[in-house]
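What the coordinates show
Spelled out, the chains give:
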Amino acid sequence: MHSLIFSIRLALALGYTSTVLSQRYPNVTYSSKATAAGASSKYKFDASSSQNVAVYFGRTDETVNTNLTVQCSDVNVDIVMLAFVTKIIGGGGYPDLGFEKLCTGQTSEMIAANATGLLSCTDLAPQIESCQSAGKKVLVALGGQNGETIFNSTTEAQAAATLLWNLFGGGSAEDSGLRPFGDVKVDGFDIGMTSLAS
């Protein structure tokens, strides 16, 4: 149950759309906090739309044949999810990233923290900003088919949510050298755990 509560609270707190959440958890009522910050006059993200199209990016071999900017330039795409953070609490207590095809290794801060699953993805940062300036949402997807995270308490789940927010979102408590996208902030998180512990 802790995982489901964490998933819902994290998703809502970080601006995840109520439409997508309602598809994943149909028996729960949500309120959206998503905004259209950075949206251009031609396109404006509508969190209340039931027709938003979300795509995953970063995990397949096709990733090397395109880039995030190209994905966001597709008029049919509203949300791009960077796939995946496969383990929320991995090496050194930091997340393990599964989109290594988009990254270039580790920073000295990641190595010093023994954050064996964190990667430096600074080449991706300007592409994230490009998507956001076009009004598209960029999320970090958590889980996936082989995603693995179990929380033993609400406190542990809340600490993990704070860590994710500090590493990928608008938080600032982590050393900037530990942030995979440097100073660039994603718009939220996609909760895609295929098995939730109760």
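Going by the structure above, here's the rest.
Residues numbered from 1 in each chain as written. Predicted model: local features only at pLDDT ≥ 70, side-chain atom pairs only at ≥ 80, totals over all residues. Heavy atoms only, no water.

1. So, the overall build of the protein chain
For clarity, the threshold we go by: Runs of E in the DSSP output that reach at least two residues are strands. Runs of H or I that reach at least four are helices, and both are numbered from the N terminus. Exposure categories follow from relative accessible area, calculated using a 1.4 Å probe and restricted to protein chains: below 20% of the type maximum is buried, above 50% is exposed, and the middle band is partly exposed. In this analysis, two residues are considered to be in contact whenever any of their non-hydrogen atoms come within 4.5 Å of each other. What sets the accessible areas is the Shrake-Rupley method with a 1.4 Å probe; for residues, cover comes only from the shown protein chains.
Per the secondary structure count, the protein chain includes 6 helices and 5 strands. Scanning the protein chain from its N terminus toward the C terminus, one meets helices and strands in the order α-α-β-α-β-β-α-α-β-α-β. In the protein chain, which comprises 198 residues, the proportion classed as buried is 49%. A sequence separation of at least 24 residues applies to 65% of the contacts in the protein chain between residues at least 6 apart. By element, 49% of the accessible surface of the protein chain is carried by carbon and sulfur atoms, the whole surface being about 9500 Å².

2. Topic: the nonpolar core
Rules: Think of a nonpolar core as a cluster: buried Ala, Val, Leu, Ile, Met, Phe, Trp, Tyr and Cys residues, connected wherever their side-chain atoms sit within 4.5 Å.
One finds Leu 68, Leu 82, Ile 128, Phe 168 and Phe 181 to be the most contacted residues of the largest nonpolar core, which totals 38 residues. Those elements that provide at least two residues to this core are α3 (68-73), β2 (79-87), α5 (125-133), β4 (137-144), α6 (154-168) and β5 (188-193). Apart from residues lying up to four places away in sequence, Leu 82 is in contact with Phe 57, Leu 68, Phe 99, Leu 102, Leu 124, Ile 128, Val 138, Leu 139, Val 140, Ala 141 and Phe 181.

3. Observations concerning the side chain of Gln 132
Put simply, the rule reads: For the purposes of these results, a polar contact is taken to be a pair of N or O atoms within 3.5 Å, where, inside protein, one atom must be able to donate a hydrogen and its partner to accept one; residues adjacent in sequence count only when each atom of the pair is a side-chain atom.
Tracing the backbone through its elements, the reader meets Gln 132 in helix α5. For Gln 132, the side chain forms a polar contact with the side chain of Asp 187, separated by 3.3 Å.

4. Some remarks on the environment of Thr 162
For Thr 162, the location among the structural elements is in helix α6. Judged by its relative accessible area of 44%, Thr 162 falls in the partly exposed class. For the pair formed by Thr 162 and Glu 174, sequence separation is 12 residues and the distance between their alpha carbons is 10.0 Å.

5. A closer look at the side chain of Thr 107
In this structure, Thr 107 sits in the loop between β3 (96-97) and α4 (108-112). A residue is classified by how much of its surface remains accessible, and Thr 107, at 19% relative accessible area, is buried. Within the structure, the side chain of Thr 107 is placed 3.1 Å from the backbone nitrogen of Met 110, a separation counted as a polar contact. Setting aside its immediate chain neighbours within four residues, Thr 107 contacts Ser 120 and Gly 177.

6. A closer look at the packing of aromatic side chains
Convention followed: Here is the rule: rings of Phe, Tyr and Trp (six-membered ring for Trp) pair when centre to centre is within 6.5 Å. Planes less than 30 degrees apart are stacked, more than 60 are edge-to-face, and the remainder are tilted.
Enumeration according to the criterion identifies 4 aromatic pairs in this entry. Here the aromatic rings of Phe 99 and Phe 181 are separated by 6.2 Å at their centres, their planes lie at 15°, and the arrangement is stacked. Of this pair, Phe 99 sits in the loop between β3 and α4 while Phe 181 sits in the loop between α6 and β5, and the two are 82 residues apart along the sequence. With a relative accessible area of 2%, Phe 181 lands in the buried category.

7. Re the environment of Asn 146
Residue placement: Asn 146 occurs in the loop between β4 and α6. For the pair formed by Asn 146 and Lys 87, sequence separation is 59 residues and the distance between their alpha carbons is 8.8 Å.

8. Notes on the state of the cysteines
How we decide: Any two cysteine sulfur atoms within 2.5 Å of one another count as a disulfide.
Applying the stated rule across the entire model yields 2 disulfides. The disulfide partner of Cys 72 is Cys 131, and the gap between their sulfur atoms is 2.0 Å. Taking the torsion about the S-S bond as the criterion, the Cys 72 to Cys 131 disulfide, at about 100°, is right-handed. Remark: Cys 131 occurs in helix α5 and Cys 72 occurs in helix α3; sequence separation between them is 59 residues. In this model Cys 103 forms its disulfide with Cys 121; the gap between the sulfur atoms is 2.0 Å. Between Cys 103 and Cys 121 the disulfide shows an S-S torsion of about 75°. By sign, it is right-handed. Residue Cys 103 is located in the loop between β3 and α4, and its partner Cys 121 is located in the loop between α4 and α5; the two are separated by 18 residues in the primary sequence. Cys 103 gets classed as buried once you look at its relative accessible area, which sits at 14%. Cys 121 sits in the buried class, given a relative accessible area of 1%. For the protein chain, the bonded cysteines connect in the pattern 1-4, 2-3 when numbered consecutively along the sequence.

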